[in-house]
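Examining the three-dimensional arrangement
Given next are the chains, with one letter for each unit.
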Amino acid sequence: LLAQFSGLMSQQLSALGRSRAHAQAAPTPGDGDARQQPRRVEPPKQIMTTEPFARPASGDGTNGDAAPRVTPADAARAHAPAGGDARAPYVPYRPVEPGAFGGFSERQRRHLGELVERFTRRTAASKELARKYRPVLADSRAIVGFRLSIKEMLYPIVGAGGDGARLRDVDGNEYVDITMGFGVHLLGHRPPFVAAAIEEQLRRGIEMGPRPALAGEVAALVCELTGMERAAFCNSGTEAVMTALRLARARTGRTKVAIFSGSYHGHSDGTLARAREVGGRPQSAPLAPGIPPRVVEDLLVLEYGDPRALELLREHADELAAVLVEPVQSRHPELQPREFLHELRAWTRGAGVVLIFDEMVTGFRIHPGGAQAWFGVEADLATYGKIAGGGLPVGIVAGRAHFMDGIDGGLWDYGDASYPRAETTYFGGTFCQHPLAMAAAHAVLSHLRERGPSLQAELNERTSRMAATLNEHFAREEMPIRVAHFGSLFRFNYTGNLDLLFYHLLTRGVYVWEWRNCFLSTAHTDEEIARVVGAVADSADEMRAGGFIPEKSGPPANGSRPPEAARPAQDAPTNGRAPEPTDSPAPADALRALGFWGRREIKPALVTPRAAAPEPRAQGPNGECGTAPRLDRGVAFSLSYFGNYDAPYDEHKYDLLIEGARFADRHGFEAVWIPERHFHAFGGLSPAPSVVAAALARETERICLRAGSVVLPLHHAVRVAEEWAVVDNLSRGRAGVSFA
C-alpha cells in the first residue's frame, strides 16, 4: 500500500509539473576577488577536545581514547545535503528537481544577481565551453544540484593545470584545491617522483599484451601495506567492487549481499539499491531508472551502525554471501562505528559470510593499512583505488588467498605435479595492469612505505586543527554549519540549504567540486590552509549579511529574546522554503500594537509578522505555517489522515502515518493533517493528536503539522496549549491547530 501510495503521489506531482523550489541563499555585495586576503581565524587553544574521529585500536584490543560514539540518527541529522532531507542517507542518484523562479524578496534577488554576475564573469570561459560542448558531451556532473534559480552558475570549472595544492582554470584563476581529485591526490598535484615515474614509463612504451614489469612489485607493495595476502588490478573502484562480490559469491555458493544505506560502491547495477519494507520485511528496489528490479533482489540494504542491522543479518545468514561495508561513509565522515564493525567481523566469521571493506576513500589515507588498521578489523576482501593510482585510473582487489584464488586458481609451481586447484570465476579487462598505472602506483606506494604511518598521522592532525578552528568559529558566531571529518577527509554539514556557500568559496579562490567531499593533502601548506579557513569564514559572514544565516542572538531572558536580536533576517529562506517578498520589517510600534498573541517574535523560530497581514502567504522562512497558500505557487498538496485504528498493539500501526509524512516532507507537500479527535478505541491516532504531532516533528523537517480538530471541552485549555507549545518548539514553528 505504501509503495502504491508513493508511486501515485510521484505521478501526480510529475503530471502537474509541480516541483517545490528549494530555498536559495544569496550573497551580499562585495568584490569577492580571490586576490583579496581572507581574514585570519584563530585556532582554538584546545584541539584534542574537538577531535571528531577515533584513534586506532590499542594493542590490547580496547578502543583507547576513541571519540564519542555517533549514532546513525545523530550522523544523519548532522549531515544535511544541500536542499535535501537532513535525516535521509546519502544516495548517489537524485532526479533533477528544477524548482521555480520567484519566492525571493527584492533584497534576495539583488544579492543573488550580484553573485551570479560575479561568478560568471570570473569563470566565463568555463561557462562557454559547457555551452559549446553540451550537444555532444553527456556529463552527469554538469547537472548536480540543478535549480532554475542558480542555473546561470551551473557548469563545471574547466581546469588548465595544477601543482601541489593549487589548481588553475581556463580563465586564468588560481584556486587552493580542497577537492584534490575526489580524494586521489593525497600527495598533491604532480608530485615530482610520480611525474618522473610516468614520464619514464612513457619513454619505455605502453605496450598492451606483455605483463608490465612493475605489476608484481606493486602487488607486493599493496599486500605489505594492507596486510592482505594477494592482490589483483582493474581500472576503477566500480570494477573492483564488482570483482570482490563475484569472488565472494563464487566461494560461498550464495547470492545475497548486504550493503548499508548511505554508502557508495560505484555505479554498477548490482549495488545501486535502496531499502523498502513490504509486509514488514526489508526488500530492495532499484535506486535509479534503467536498473532492472531483479538485479537488486539479492541485495539487503540495512542501516549502518544500527544494532538492528545485525539482527537482520542473522535472520538472513543462510542466504548471505557477503557483507559489503564502506567502513566510514565518505558522505558521513562523522559516523565511525568501531564497535559495530568489530561485532560485524565476529558475526561474519562465525556465519561463514565474507566481509568486504570498500576502501576507495579510506584506503592509504587514514593509515597505510586503511580503515582496517585504524579500527583493528581484518576484512576477507578489500577494494582500493584513488590514492594508489597517483592520478591514473586503477582499481585494486586484495584479500585472503582463500578468496583471491578464485581469480587464477591459486598457487602452483614448475617442475612438479601442482596445478591451479581452486575453482575460478571470470575476471579480466584490456586495461587491467596498465603500464602507466603500474608505474604511478609503484611510485606512490613506495613513497607511503618509506614515510610510514607518520605521513597520515601528521595530515590527520592538521585536518583536525583546521576543523576545530572552523567549528569553534561557527559555534561562537552561532552559525548552523559544522565540519565533520575522518582523517583528512572532511565535509561541511549544515541544516537547510546553504549550497551557495560553495559558490562563494569558488569566487574566493577555493575549489570544491559538485558533491562537496573535501580533502587535505600533504602538499597543503599552513598558509593555504589558513586561506581556506579565512575564505570559509568570510563566505559565511557574507551569507549572514545577505540574510541566509540567522543573525547572532543575544542572551535569552525567560525563554524569550529581544525582538531585534532574536529575529532572523526578514527574508532568510531556510528548511527548503522561501518567504514572501517584503521590503522592510514591521516597525516596532506596529509590533507592539499587535499585543501579546500577535508578537510572534517571542518565539525565536519564527520571523516577525507583518503589521497588516490580510494577504495570504506561504510557509515562512523558519517553518511556520501560513494561513493560506500563495496564489502564484501552483497546486499545493497536503496529506490528510482519517481512520479508526484498533486498540490492540501492532508494531506497524503507525507505519503508514510516519512513512507517508516523510514522503510528503521530501516531496514538497504543504502539510500533514492528523486525524480529528473522535471517540473510538483507546490507543488509536485520534485521541492523542499532540503526541502524534510530536513524533512527526522529529521525523520531518519542513512540512506543516496540522491537527483538526482538537476538542477543547475534553481537556483543560492550558493543558492543550502546553502540549501544542511543546510540539511547536519541537517542529520549530510548524504546528497548526484547529479547535472545536
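Everything that follows concerns the structure shown earlier in this document.
What this report covers is the structure whose coordinates are included nearby. These numbers come from a predicted model, not from an experiment. (Residues numbered from 1 in each chain as written. Predicted model: local features only at pLDDT ≥ 70, side-chain atom pairs only at ≥ 80, totals over all residues. Heavy atoms only, no water.)

This part is about the overall build of the protein. Of the regular secondary structure elements, the protein holds 21 helices and 20 strands. Burial analysis of the protein (740 residues in total) assigns 51% to the buried set. Counting only contacts in the protein whose residues sit at least 6 apart along the sequence, the fraction spanning at least 24 positions is 74%. Total accessible area on the protein is roughly 33000 Å²; 55% of this is exposed by carbon and sulfur atoms. (Helix = DSSP H or I, 4+ residues; strand = E, 2+ residues; numbered from the N terminus. Buried < 20%, exposed > 50% of the residue type's maximum accessible area, 1.4 Å probe, protein only. Contact = heavy atoms within 4.5 Å. Areas by Shrake-Rupley, 256 points an atom, 1.4 Å probe, with all protein chains shown as cover.)

On to the side chain of R331, then. Among the secondary structure elements, R331 is positioned in the loop between β9 (320-325) and α10 (338-351). Among buried Asp, Glu, Lys and Arg side chains, R331 stands out as unpaired, with E326 the closest opposite charge at 5.7 Å. A polar atom in the side chain of R331 sits 2.9 Å from the side chain of S330. (Lys, Arg positive; Asp, Glu negative; His and termini not counted. Salt bridge = Lys/Arg side-chain N within 4 Å of Asp/Glu carboxyl O. Polar contact = N/O pair within 3.5 Å; in protein donor to acceptor, adjacent residues only side chain to side chain.)

With a probe scaled to a water molecule rolled over the atoms, the places where space remains empty come into view. For the structure shown, the criterion picks out four cavities of 30 Å³ or more. Of the volumes computed, that of the second largest cavity is approximately 60 Å³. Every residue lining the second largest cavity is listed: V184, H185, L186, L187, G188, P191, V194, I387, G390 and V444. Counted by class, the lining of the second largest cavity contains seven nonpolar, three polar and no charged residues. (1 Å grid on protein atoms, 1.4 Å probe; cavity = no way out; pocket = protein on both sides within 12 Å on 5 of 7 lines; lining within 4 Å. Points joined across faces, edges and corners; volume = space filled by probe spheres on them. Nonpolar A, V, L, I, M, F, W, Y, C, P; charged D, E, K, R; others polar.)

Let us now look at the pairing of strand β11 (residues 381-385). Judged by how many residues are buried, β11 sits mostly within the fold: five of five residues are covered. The alternating pattern of β11 places L381, T383 and G385 on one face and A382 and Y384 on the opposite face, and all of these are buried. With three bridges joining them, strand β10 (residues 354-358) and β11 adopt parallel strand pairing. The residue bridging F357 from the neighbouring strand is A382, located in β11. With five bridges connecting them, β11 and strand β12 (residues 395-399) associate as antiparallel partners. Bridging from a neighbouring strand, L381 pairs with G399 of β12. (Pairing = 2+ DSSP bridges.)

A separate point is a nonpolar patch on the surface. On the surface, L129, Y133, V136, L137 and V170 cluster together into a nonpolar patch covering about 450 Å² of accessible area. Topologically, Y133 is positioned in helix α4 (residues 124-133). With a relative accessible area of 38%, Y133 lands in the partly exposed category. (Patch = residues over 30% accessible without salt bridge, like charges linked within 9 Å, V, L, I, M, F, W, Y side chains within 5 Å.)

What follows is about the packing of helix α13 (residues 435-451) against helix α14 (residues 454-476). Running from N to C, α13 and α14 cross one another at 85°; their axes reach a closest spacing of 7 Å. Considering the angle they form, α13 stands roughly perpendicular to α14. From α13, H447, L448 and R451 reach across to α14, where they touch S454, L455, Q456 and E458. Tallied by class, the residues present in the contact of α13 with α14 amount to two nonpolar, three polar and two charged. (Axes fitted to C-alpha atoms, helices over the stretch in contact; angles between N-to-C directions. Parallel < 35°, antiparallel > 145°, perpendicular 65-115°, else oblique.)

Position of A321 relative to the elements: it lies in strand β9. The class for A321 is buried, based on a relative accessible area of 0%. Along the chain, A321 and L247 lie 74 residues apart, while their C-alpha atoms are 9.6 Å from each other. Setting aside anything within four residues of it in sequence, one finds A321 in contact with A248, R249, T252, R254, T255, K256, V353 and V354.

Our next topic: a negative patch on the surface. There is a patch of like negative charges on the surface, built from E297, D298, D318 and E319. With respect to the element layout, E319 can be found in the loop between α9 (307-315) and β9. Accessibility expressed as a relative area gives 37% for E319, which makes it partly exposed. (Charge placed at Lys NZ, Arg CZ, Asp CG, Glu CD.)

A separate point is the state of the cysteines. Following the criterion strictly, the structure yields zero disulfides and no others. Free cysteine: C234, not disulfide-bonded; nearest cysteine sulfur from C432 at 5.9 Å. The buried category is assigned to C234, whose relative accessible area is 3%. (Disulfide = S-S within 2.5 Å.)

Counted under the stated rule, the structure contains 16 aromatic pairs. For the ring pair F260 and F340, a centre distance of 5.8 Å and an interplane angle of 80° mean the geometry is edge-to-face. In this pair, F260 sits in strand β5 (residues 256-260) while F340 sits in helix α10, placing the two residues 80 residues apart along the sequence. Considered together, F260 and F340 belong to a single accessibility category, that of buried residues. Cluster of aromatic residues (ring-pair linked, three or more members): F490, F492, Y494 and F502. (Phe/Tyr/Trp six-rings, centres within 6.5 Å; stacked < 30°, edge-to-face > 60°.)

Two elements in contact, helix α19 (residues 655-666) and helix α20 (residues 689-699), have axes whose closest approach is 10 Å; the angle formed by their N-to-C orientations is 45°. In terms of axis orientation, α19 runs oblique to α20. Between α19 and α20 the crossing geometry is right-handed. Between α19, through L657, I658, A661 and R662, and α20, the contact on the second element is made entirely by V692, L696 and E699. Classifying every residue of the contact of α19 with α20 gives five nonpolar, no polar and two charged. (Left-handed = near helix turned anticlockwise from the far one by under 90°.)

Attention shifts here to unusual backbone geometry. Unusually for a residue other than glycine, M180 sits at a positive phi of about 50°. Residue placement: M180 occurs in helix α5 (residues 180-183). In this structure M180 comes out as buried when scored by relative accessible area, which is 0%. The phi dihedral of K386 falls on the positive side, at around 45°, and the residue is not glycine. Within the secondary structure layout, K386 lies in the loop between β11 and β12.

These results come straight from atomic positions and should not be treated as a statement about function.
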